Amino acid sequence: MDWELSFLMWIQEHIVNGFLTPIMKAFTTLGNGGILWIIIIVLLILFPKTRKLGIICAVTLIVDAILCNLVLKPLFERARPFTEIIISLEIPIPMGNSFPSGHTSSSFAVATAIFLAHKKLGIAALAVASIIAFSRMYFFVHYPTDILAGMILGILCAVVVSAIFNHYSKKKELSTSGNA
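Values in this document were obtained by computation on a predicted structure and should not be read as measured data.

J.: Just to check I follow, could you spell out the pattern of salt bridges for this structure?
T.: Pairs may arise between side chains of opposite charge once their charged atoms sit close together. Taken as a whole and assessed by the stated rule, the structure comprises 3 salt bridges. In this structure, the salt-bridge partner of Glu-90 is Lys-25, at a minimum N-O distance of 3.9 Å. You can see Glu-90 sitting in the loop between α4 (51–76) and α5 (102–117) and its partner Lys-25 sitting in helix α2 (residues 20–30), a full 65 residues away along the chain. Owing to a relative accessible area of 44%, Glu-90 belongs among the partly exposed residues under this scheme. Where salt bridges share partners, they join Glu-4, Arg-78 and Asp-146 into one cluster.

J.: What is the right way to look at the packing of helix α1 (residues 3–14) against helix α6 (residues 119–138) in this model?
T.: Each pair of packed helices can be described by the angle between their axes along with the distance between the axes. It is at 9 Å that the axes of α1 and α6 come closest, and there the two elements cross at 95°. The orientation of α1 relative to α6 falls into the category roughly perpendicular. On α6, the residues touching Phe-7, Leu-8, Ile-11 and Gln-12 of α1 are Phe-134, Met-137 and Tyr-138.

J.: Whenever I open this one, the packing of aromatic side chains confuses me. Can you help?
T.: Overall, the coordinates contain 4 aromatic pairs when judged by the stated rule. Their ring planes at 70° and their centres at 4.8 Å tell us that Phe-76 and Phe-99 sit as a pair that is edge-to-face. In this pair, Phe-76 is assigned in helix α4 and Phe-99 in the loop between α4 and α5, connecting sequence segments 23 residues apart. Of the residues examined, Phe-76 reaches a relative accessible area of 46% and is grouped as partly exposed.

J.: Would you explain the nonpolar core in this entry?
T.: As a rule of thumb, nonpolar side chains are buried together in soluble globular proteins. Within the largest apolar cluster, 35 residues are counted, with the highest numbers of intra-cluster contacts made by Leu-8, Trp-37, Ile-41, Cys-57, Val-110 and Phe-140. Among the elements of the structure, α1, α2, α3 (35–46), α4, α5, α6 and α7 (144–179) are those that each provide at least two residues to this core. At 6 residues, the largest contribution of residues to this core is made by α6. The contacts of Ile-41, once residues within four sequence positions are left out, are Gly-54, Cys-57, Ala-58, Leu-61 and Val-110.

Thresholds applied
Residues numbered from 1 in each chain as written. Predicted model: local features only at pLDDT ≥ 70, side-chain atom pairs only at ≥ 80, totals over all residues. Heavy atoms only, no water. Salt bridge = Lys/Arg side-chain N within 4 Å of Asp/Glu carboxyl O. Helix = DSSP H or I, 4+ residues; strand = E, 2+ residues; numbered from the N terminus. Buried < 20%, exposed > 50% of the residue type's maximum accessible area, 1.4 Å probe, protein only. Axes fitted to C-alpha atoms, helices over the stretch in contact; angles between N-to-C directions. Parallel < 35°, antiparallel > 145°, perpendicular 65-115°, else oblique. Contact = heavy atoms within 4.5 Å. Phe/Tyr/Trp six-rings, centres within 6.5 Å; stacked < 30°, edge-to-face > 60°. Core = buried A, V, L, I, M, F, W, Y, C linked by side-chain atoms within 4.5 Å.

In C-alpha cells, the structure reads:
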C-alpha cells in the first residue's frame, strides 16, 4: 500500500467518527458543483461595493473549472481511492476522475480571490475551503495529492485572474484620471 492510501486509512481509523461524519457531509455537500461559491459570487455581484470582487471570483471559478474538469481530470484519468480499497462510502459515489480534486480547486480558487481582496473574509473563506478539501479525504474519494493539486490550481487561478483584473483596473483608472 502506498503512502497516500496509508494516510487515507489512518484518517479512517483515527479521525472518522459518528460526531464528525455529519459535519463533514455538510461541508462536502457545500462543495458539490461549487454551489457555496456560486451563491457567494451572486451575493457579491448584487452589491455595488463588492461587484468587482464578485466578477473576479466568477471568472476565477470559470477558469478553474475549465482547467480542472476539462483539461486536467481527463488528462490524468486517475481512479478514486475507493476503487483500490473497498470501503463503504458515506456519501454518493462521485463521478469523474480523482486528480485534481474539483471540490478543492473551486473552493481554493474563490477563497483565495476573496483573500486577495479582503483578508479577514478571505481567512474565513480559506478555512471553509480547507474543511471542504479535508472532507474529500475523510470520505475516501480523493488522495492527498489530489487535494494538494486542487489547492495549487485554485490558488494559481485566483492569483492570475486577480492580477489581470487589477492590472486592467489600474490602467483604466490612470487613463480616466489623465483625461480629467
